[in-house]
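Chains, contacts and geometry: an overview
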Amino acid sequence: MSRRLKHWGWGYEDQQPAPEQVAEIALGLRAHLGFEPADVDQPVPLEEVQLRPPRLEAPGELEEISASDDYARASRALGKAYRDVVRGFRGQFDDPPDVVCSPGDEEELERVLDWACSADAAVIPFGGGTSVVGGVEPRGLERAVCVDLRRLDRVLEVDRTSRAARIQAGATGPGLEEQLREHELTLRHFPQSFEYSTLGGWIATRAGGHFATLMTHIDDLVESVRALTPAGWWESRRLPGSGAGPSPDRMLIGSEGTLGVITEAWVRLQDRPRWKASAGVLFDSFAAGAEAVRALGQSGLWPSNCRLLDEAEGALTMAAPDGKALLVLGFESADHPVDSWMERAQELARDHGGETSEPKGEGGDSVGTWRNAFVQAPYLRDSFVAGGIISDTFETSITWDRFEEFVSDVRARTEAAVAEVCGTGRVSCRFTHVYPDGPAPYFTVIAPGRRGAEIEQWDEIKRAASEAISAGGGTITHHHAVGRDHRPWYDRQRPEAFAQALAGAKRALDPGWNLNPGVLIEADRM
Ligand SMILES: Cc1cc2nc3c(=O)[nH]c(=O)nc-3n(C[C@H](O)[C@H](O)[C@H](O)COP(=O)(O)OP(=O)(O)OC[C@H]3O[C@@H](n4cnc5c(N)ncnc54)[C@H](O)[C@@H]3O)c2cc1C
């Protein structure tokens, strides 16, 4: 049997530790966090899960590319947010899709979409299923067809001259990078979910990647997009830039499966970097580090990595000594050595009280420790769930003039909610991306949960945090998308006239309102 992804958590089934290892890891985590030991739970095996019977059957002509077995449906029923992992772990799949279709080419996709629309079913485009905002969950839908795009996984064309490639939407990070390697090119878009998320998912959610400055979002890497809508094909022209009216690319970028199914895109590539330098800079406080980051963000140096960890985050990942904030700084280039850029960046950091160390080629010491913690975090989260520990993140962005008050308010209100709901716990913050006019703060909450009530507890904490973000004028999401979970705050954030315009566009492209209903916009807008 081929290797299968877990139906509930992060990674493959064969990566799930044995029950005794789960217990050991979970107890170790509780001890590291200073929480009392608790019983360790084990995930409910798929054989014990009772799924609602499918309410829809694929027609014979789609039989070969359709599945309605428990694994197919359960593994596409939820995304990968903390609340999804908890539900999957407990075998709670209330709204699985009725049918999962996996088209292998555009003609098969056309047939799937025709059938699903004529059957009046909801159609949920599915990439890697790593959504953390309920973006792929058929929540409350009457009939739902999941369209899994991962068979569309090839790099179709490489234009070496313009340094761009046409890539199918279902290609995962490692899949597309491996195919680009033979051309000595790279997309260098590495979200933390890189291993399993897909190009189509990145475009549909405006994902944020590896670069902490300059080319932060996938938006910056997209040259043109091709998508199938119920009203027909949508393909934008390949251009390095254009001033011809509102952008057809931009309309699809961030559309979260509500306007069309993205099948491929031309993306801007880079030569593989030959020169790299990274260094950790320690600060006495997060506020001092933030001042240095502002100077760096406005310097025109454009570091590829510029991630500032507050004292709590530095301690949690064991990347920084107690009481210190850590700035992880990196530069890379395929064209030239980057030492002078690093030297100038370190000088700027020292001007703001930073303690610098010798830069490393690939990042050792604190930088390596932080990177390792970053890559391992999603795997560890499954063990957090087993150990009854609430662990999730939320993120935003804000301009520098409001940053200090904003972060301290969001932190205080989230901490208050954690204390009220869980008794104790930690809220930490880091910057994931930095712009000349402001940072993207990213918060992590870790707290002991009450068995069986973890989701309600987390929802309450998240609600308090979202209210604080909204009240402070930040965005409800910098790169995690809107999905179903961020809707109340997204609805407040966008101008009303824009909501009307978006509903009008949806009605034109998707008159039956089949594509991912409940995400971004409500049917009753028209
Ligand atoms: C541990 C972890 C770390 C993460 N780190 C990051 C990060 O660093 N940066 C970041 O931006 N996000 C991150 N995310 C969130 C998530 O990985 C991103 O939103 C990602 O872009 C989703 O890609 P996917 O292929 O998994 O899409 P899915 O989860 O399958 O889908 C997400 C949304 O896009 C739509 N969609 C998917 N494919 C298509 C398509 N081909 N056409 C039309 N619509 C489509 C879906 O309908 C859904 O609304 C993280 C998530 C987890 C669990």
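Surrounding the ligand, one finds 35 residues, the nearest of these being Pro125, Gly127, Thr130, Ser193 and Thr198. Glycine 129 is positioned with one of its backbone polar atoms (N or O) 2.8 Å from an oxygen atom of the ligand. Threonine 205 is positioned with one of its side-chain polar atoms (N or O) 2.8 Å from an oxygen atom of the ligand. Isolated, the ligand exposes 960 Å² of accessible area, and the fraction of that covered by the protein chains is 96%. Of all the elements in the fold, those that place two or more residues in the shell around the ligand are β3 (122-126), α6 (199-205) and β10 (261-268). In terms of residues, the shell around the ligand owes the most to one element, α6, which gives five residues. Looking at the shell around the ligand residue by residue, the class counts come to 14 nonpolar, 19 polar and two charged.

Counting across every chain of the model gives ten aromatic pairs. Note on tryptophan 8 and phenylalanine 89: the rings are 5.3 Å apart at their centroids and 80° apart in plane angle, and the pair reads as edge-to-face. Note that tryptophan 8 is positioned in the segment before α1 (19-33) and phenylalanine 89 in helix α3 (residues 82-89), a separation of 81 residues in sequence. Accessibility classification places tryptophan 8 together with phenylalanine 89 in one group, the buried group. Every member of this aromatic cluster is reached through a ring pair, and the members are Phe286, Trp400, Phe403 and Phe431. The residue whose ring lies beneath arginine 238 is tryptophan 266, and the NZ or CZ to ring-centre distance is 3.7 Å.

This brings us to the sheet that holds β3. In space, the four strands of this open sheet follow the order β1-β2-β4-β3, with mixed pairing throughout. Of all strands in the sheet, those bounded by a partner on one side alone are β1 (66-67) and β3. Looking at chain direction, β1 and strand β2 (residues 99-101) are connected through two bridges and run antiparallel. Note on β2: the bridge partner recorded for alanine 67 is valine 100. Seen against the sheet, helix α4 (residues 106-118) touches β2, β3 and β4 (144-148) and runs at an angle of roughly 170° to β4.

Calculation rules
- Residues numbered from 1 in each chain as written.
- Predicted model: local features only at pLDDT ≥ 70, side-chain atom pairs only at ≥ 80, totals over all residues.
- Heavy atoms only, no water.
- Near = heavy atom within 4 Å.
- Polar contact = N/O pair within 3.5 Å; in protein donor to acceptor, adjacent residues only side chain to side chain.
- Areas by Shrake-Rupley, 256 points an atom, 1.4 Å probe, with all protein chains shown as cover.
- Helix = DSSP H or I, 4+ residues; strand = E, 2+ residues; numbered from the N terminus.
- Nonpolar A, V, L, I, M, F, W, Y, C, P; charged D, E, K, R; others polar.
- Phe/Tyr/Trp six-rings, centres within 6.5 Å; stacked < 30°, edge-to-face > 60°.
- Buried < 20%, exposed > 50% of the residue type's maximum accessible area, 1.4 Å probe, protein only.
- Lys NZ or Arg CZ within 6 Å of the ring centre and 35° of its normal.
- Pairing = 2+ DSSP bridges.
- Contact = heavy atoms within 4.5 Å.
- Axes fitted to C-alpha atoms, helices over the stretch in contact; angles between N-to-C directions.

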